[in-house]
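Given next are the chains, with one letter for each unit.
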Amino acid sequence: VLQFGFHSAALQGLVVSSPSLGAFLGSVFIFRLSDWLGRRAELRIGAVLYMVGASLEVLSGAAILPDWLFVGLLLIGRTVYGFGIAFAMHGGPTYISEMAPSEMRGLLVSLKEAAIVAGILTGYVLGNAFSKTTGGWVYAYGCSLLMSSTMLVLSLFTIPRSCRWLVLSGLDDEALESMRFVYTEERALEEF
């Protein structure tokens with residue numbers, strides 16, 4: 001923001017905090033829709049929101065734009081990214097709790113938290129690596145497109161819908177099939 005002549009501490013604070021605003025608003029939104037959407041859909045929507053937010057962030061710095069448009073795109077992109085955080089942070093642990101065997105849930109949620117910390121560390125490393133490059137922040141935001149597209153592809157092709165959500169939706173046959181993704185046949189029938 002400083003390189004574009006915006007030296008206002010309030011504006012800098014708004015840019016930094018806009019993902020938190022998006023996450024807050026997204027949390028209010030997702031709690032109303034989560035049972036209707038399902039966990040896998042939450043993860044997919046979160047990935048798409050990450051991609052849209054990151055694309056807007058990159059677009060804000062990738063072209064010669066009037067200052068008001070640059071700031072607007074940056075704020076909107078970061079807020080949309082925050083919405084993605086809300087969807088992913090609700091969908092991820094809920095999906096784990098609904099699909100994982102009880103003896104592994106704690107471990108899997110801990111691994112999810114470790115992945116979040118690794119992602120934050122990666123962001124800091126990339127931010128530092130691009131800090132000496134003019135407009136390097138655009139590249140750092142662009143790197144998040146790789147991570148979010150990977151999240152989307154993996155949620156599209158590797159995980160079934162949550163068995164608990166399927167049961168609550170009256171889709172018992174699909175729920176049993178979903179359980180077979182995680183459990184042996186005997187254990188799936190027993191858990192079902």
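Residues numbered from 1 in each chain as written. Predicted model: local features only at pLDDT ≥ 70, side-chain atom pairs only at ≥ 80, totals over all residues. Heavy atoms only, no water.

**Student:** Got a minute to help me understand the nonpolar core in this structure?
**Tutor:** When a protein is soluble and globular, its nonpolar side chains tend to lie buried together. Listed in full, the eight residues of the largest apolar core are L43, Y95, M99, C163, L176, M179, Y183 and A188. Sorting the residues of this core by element identifies α3 (67-99) and α7 (172-182) as the ones contributing at least two each. Residues within four places of M179 in sequence aside, it is in contact with C163, A188, E191 and F192. Core analysis: the second largest hydrophobic core is formed by six residues, L11, V15, F70 and V71 among them. (Core = buried A, V, L, I, M, F, W, Y, C linked by side-chain atoms within 4.5 Å. Buried < 20%, exposed > 50% of the residue type's maximum accessible area, 1.4 Å probe, protein only. Helix = DSSP H or I, 4+ residues; strand = E, 2+ residues; numbered from the N terminus. Contact = heavy atoms within 4.5 Å.)

**Student:** I tried to follow a nonpolar patch on the surface on my own but got confused; where do I start?
**Tutor:** Among the surface-exposed residues, L21, F24, L25 and V28 lie close enough to one another that they form a single nonpolar patch of about 370 Å² accessible area. Relative to the helices and strands, L25 is located in helix α1 (residues 9-37). With a relative accessible area of 37%, L25 lands in the partly exposed category. (Patch = residues over 30% accessible without salt bridge, like charges linked within 9 Å, V, L, I, M, F, W, Y side chains within 5 Å. Areas by Shrake-Rupley, 256 points an atom, 1.4 Å probe, with all protein chains shown as cover. Salt bridge = Lys/Arg side-chain N within 4 Å of Asp/Glu carboxyl O.)

**Student:** Can you walk me through the environment of S155 in this structure?
**Tutor:** Mapped onto the elements, S155 comes out in helix α5 (residues 136-157). Looking at S155, the relative accessible area reads 4%, which means it is buried. Linking S155 and A129, residues 26 residues apart in sequence, is a C-alpha distance of 30 Å. Among residues more than four places away in sequence, those in contact with S155 are R40 and R44. One polar contact links the side chain of S155 to the main-chain carbonyl oxygen of L152, over a distance of 2.9 Å. (Polar contact = N/O pair within 3.5 Å; in protein donor to acceptor, adjacent residues only side chain to side chain.)

**Student:** Can you walk me through α7 in this structure?
**Tutor:** Helical periodicity: at 3.6 residues per turn, an α-helix aligns residues three or four positions apart in one direction. For α7, the complete set of buried residues consists of A175, L176, S178 and M179. Looking down the long axis of α7, one finds its buried residues gathered within 160° of arc, a one-sided arrangement. Residues of α7 that are buried sit in contact with α3, α6 (163-168) and α8 (185-191). (Arc of directions from axis to C-beta.)

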